[in-house]
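Here is what each chain is made of, one letter per residue.
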Amino acid sequence: MNASLSLAEKTRAALVEGEFLRGDPISGDRYYSREFMQQEWDHMWTRTWQVGAVEAQFPDAGCVVTHEIGKESILMVRDDEGRIRAFYNVCQHRGNRMVECEQTKVRRLVCNYHSWCYGLNGSLLIAKDTDDFPQGNPVGKLGLKELPCETFGGLVWINMDPQAKPLRESLGVVADQLECYPMERMVRVMHMTAEVDCNWKVIQDNFNEAYHVQALHKELATFIDDDYQNTDFEIFNNGHSRMLMKGCLPAAGVKSKKIQEPLASIMRAWKLDPDDFDGRAADARLAVQQQKRKLGAERGYQHYDNLNDDQLTDYYHYTLFPNMSFTMAAESYQILRPQPHPTDPEKCLFDHWFFVIAEEGQTEVETPVGMHPLAPAAHEVFKHGDQSIGFVADQDLSVAIAQQRGLNSRGYSDSYLSGQEARVRRYHEVINDYIAGRV
Ligand SMILES: [Fe+2]
């Protein structure tokens, strides 16, 4: 390969040449087989870092958040020393679930079955009739089963593997790249989960390619350049990857000479007159970047100093193995995350979180589902189709169920992928690496 190419160019070339790819088939059974689902659980879900909560949910000692993944429930709590710890949400007496709600605040963790009482550090403090245990007094001996827990980017991460590599090592270069965004100061203003009738990978595959954007998300072309030739794709170690898409830039296929919404509104918000850009829409991106540089600090966006010019307008879209997409913009980011269903490989639980850093004085912010108060959002859980989970995500989901059906067909044997979809196959290969014990 030509050594003078930039990293992004090299990666695009490598993707097209298939340098990273073995070509493992993406067979249909991966999406419906219970055996494959179990293999994923045994070798991948229980060995990879997951976002369990938002750090802002733990202002004080005793703040508890539970996180469900597959059949597991993980309990996170800020202890008396100020550290957030994670435990399996299971009493060590008879296996009863300790905390049934999603968020609470407690002084001690008490099982409601036989009143076993644990401290915030997980150790058993009180049990009834301690002299009646032939194996010995459980107090001082037993504790909730703890698992690795770390914080990064304003998020609480957990890993069911006691031997897990540290989070930063697992995220690799992605952690360094995310640090320029003020994630710790962003507020989760949208928090939704939809149960969808497809395997989690149907959704994750979709986030690993942008080939579908022109077909499914036609509206985006007025302000996002969706041409793959102008998009950078990069594959990193550990299954992570990213895609850089230019924003505030209409795609070449947009014929209108006038700037359209929502770009026109974005420009007005930055004191630019869209009419001044009639016939030269391609100049809007640079103009918005310059205005953000000029006016950002006075609006409270000091973090712009840490972003390069492209990051002021563009979407840096990360897929983090195994199931997260982080779409980073200059003033917001979103997490899209299909989670495995506890029992059914043909269902998943799809999370959509949206975070913002607001302008000074702002009390409401625009989210993918309309205006929301600038405050931590309550968790809305619903069946896919009952309400919107954001219009772009709705469009993605509009094909998910039909694809799930198609993947069940004897008429499907493997995907026939374009170069720009190489991350899809790479992702499946990393799943295979986990299952085969190569990771
Ligand atoms: Fe999409």
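Shown above is the structure to which this text applies.
Colleague: Can you walk me through the environment of Ala393 in this structure?
Modeller: Here Ala393 lies in helix α10 (residues 391-407). Through-space distance from the C-alpha of Ala393 to that of Asp80 is 40 Å; in sequence the pair is 313 residues apart. When residues no more than four places from it in sequence are discounted, the contact partners of Ala393 are Leu336, Phe350 and His352.

Colleague: Looking at this structure, I do not really get the environment of Val365. What am I missing?
Modeller: Tracing the backbone shows Val365 in strand β19 (residues 364-367). On the accessibility criterion, Val365 (3% relative accessible area) is buried. Separated by 158 residues in sequence, Val365 and Phe207 place their C-alpha atoms 25 Å apart.

Colleague: Is there a simple way to think about the nonpolar core in this case?
Modeller: Within soluble globular proteins, side chains that are nonpolar generally end up buried alongside one another. Ranked by internal contacts, the top residues of the largest apolar core, which has 52 residues, are Phe58, Met76, Val196, Ile203, Phe350, Ile389 and Ile431. Considering each element in turn, this core owes the most residues, 6 residues, to helix α11 (residues 422-435). When residues no more than four places from it in sequence are discounted, the contact partners of Ile431 are Arg30, Phe36, Glu40, Met44, Trp200, Lys201 and Phe321. Ranked by size, the runner-up nonpolar core spans 36 residues in total, among them Trp49, Val54, Leu155 and Ala330.

Colleague: Would you mind going over the sheet that holds strand β10 (residues 149-152) with me for this structure?
Modeller: In a beta sheet, neighbouring strands pair by backbone hydrogen bonds and run either parallel or antiparallel. With antiparallel pairing, the 3 strands of this open sheet are ordered in space as β1-β11-β10. Two strands close off the open sheet at either side, each with one partner strand: β1 (50-54) and β10. Looking at each pair of strands side by side, their axes are set apart by 35° on average, direction ignored. Looking at chain direction, β10 and strand β11 (residues 155-158) are connected through 4 bridges and run antiparallel. Directly across from Glu150, in β11, lies its bridge partner Trp157.

Colleague: Quick question: what am I supposed to make of the environment of Asp226 here?
Modeller: Residue placement: Asp226 occurs in the loop between α6 (213-216) and β13 (232-235). Note on Asp226: relative accessible area 7%, which makes it buried. In the structure, Asp226 is positioned 16 residues away from Ala210 in sequence and 7.5 Å away in space, judged by C-alpha atoms. Aside from chain neighbours lying at most four places away, what touches Asp226 is Val213, Gln214, Ala221, Met245 and Ala251. Side chain to side chain, Asp226 and Gln214 meet in a polar contact 3.0 Å long.

Colleague: Would you take a moment to explain the sheet that holds strand β2 (residues 63-69) for this structure?
Modeller: Spatial strand order, β5-β2-β3-β4-β9: 5 strands in an open sheet with antiparallel pairing. Each edge of the sheet is formed by a strand with only one pairing partner; in this case those strands are β5 (103-105) and β9 (146-147). Pairing between β2 and β5: 3 bridges, direction antiparallel. What sits directly across from Val64, in β5, is Thr104.

Colleague: Got a minute to help me understand the coordination of the iron ion in this structure?
Modeller: Note on metal geometry: ideal angles are 109.5 degrees for four donors arranged tetrahedrally and 90 or 180 degrees for six donors arranged octahedrally. Those protein atoms acting as donors to the iron ion are His212 (NE2), His217 (NE2) and Asp396 (OD), and they sit at 2.0 to 2.1 Å. Coordination of the iron ion draws on donor residues from a single chain, spaced H-x4-H-x178-D in sequence. Residue His217 is located in the loop between α6 and β13, and its partner Asp396 is located in helix α10; the two are separated by 179 residues in the primary sequence. Take His217: its relative accessible area is 2%, and that puts it in the buried class. Relative accessible area serves as the criterion here: at 10%, Asp396 is assigned to the buried category.

Colleague: Mind showing me how you'd approach the pattern of salt bridges here?
Modeller: Counted by the stated rule, this structure contains 27 salt bridges. Its salt-bridge partner being Lys258, residue Asp275 comes within 3.5 Å of it at the nearest N-O pair. Highlighted residues: Asp275 in the loop between α7 (263-269) and α8 (284-295) and Lys258 in the loop between β14 (241-245) and α7, separated in sequence by 17 residues. Between Arg299 and Glu359 there is a salt bridge, with the nearest N and O atoms lying 3.9 Å from each other. You can see Arg299 sitting in the loop between α8 and α9 (309-313) and its partner Glu359 sitting in the loop between β18 (348-356) and β19, a full 60 residues away along the chain. On the accessibility criterion, Glu359 (29% relative accessible area) is partly exposed. Among the charged side chains, a salt-bridge network with shared partners connects Arg22, Asp24, Asp433 and Arg438.

Definitions and limits used
- Residues numbered from 1 in each chain as written.
- Predicted model: local features only at pLDDT ≥ 70, side-chain atom pairs only at ≥ 80, totals over all residues.
- Heavy atoms only, no water.
- Helix = DSSP H or I, 4+ residues; strand = E, 2+ residues; numbered from the N terminus.
- Contact = heavy atoms within 4.5 Å.
- Buried < 20%, exposed > 50% of the residue type's maximum accessible area, 1.4 Å probe, protein only.
- Core = buried A, V, L, I, M, F, W, Y, C linked by side-chain atoms within 4.5 Å.
- Pairing = 2+ DSSP bridges.
- Axes fitted to C-alpha atoms, helices over the stretch in contact; angles between N-to-C directions.
- Polar contact = N/O pair within 3.5 Å; in protein donor to acceptor, adjacent residues only side chain to side chain.
- Donors = N, O, S within 2.8 Å, 3.2 Å for Na, K, Ca; no water.
- Salt bridge = Lys/Arg side-chain N within 4 Å of Asp/Glu carboxyl O.

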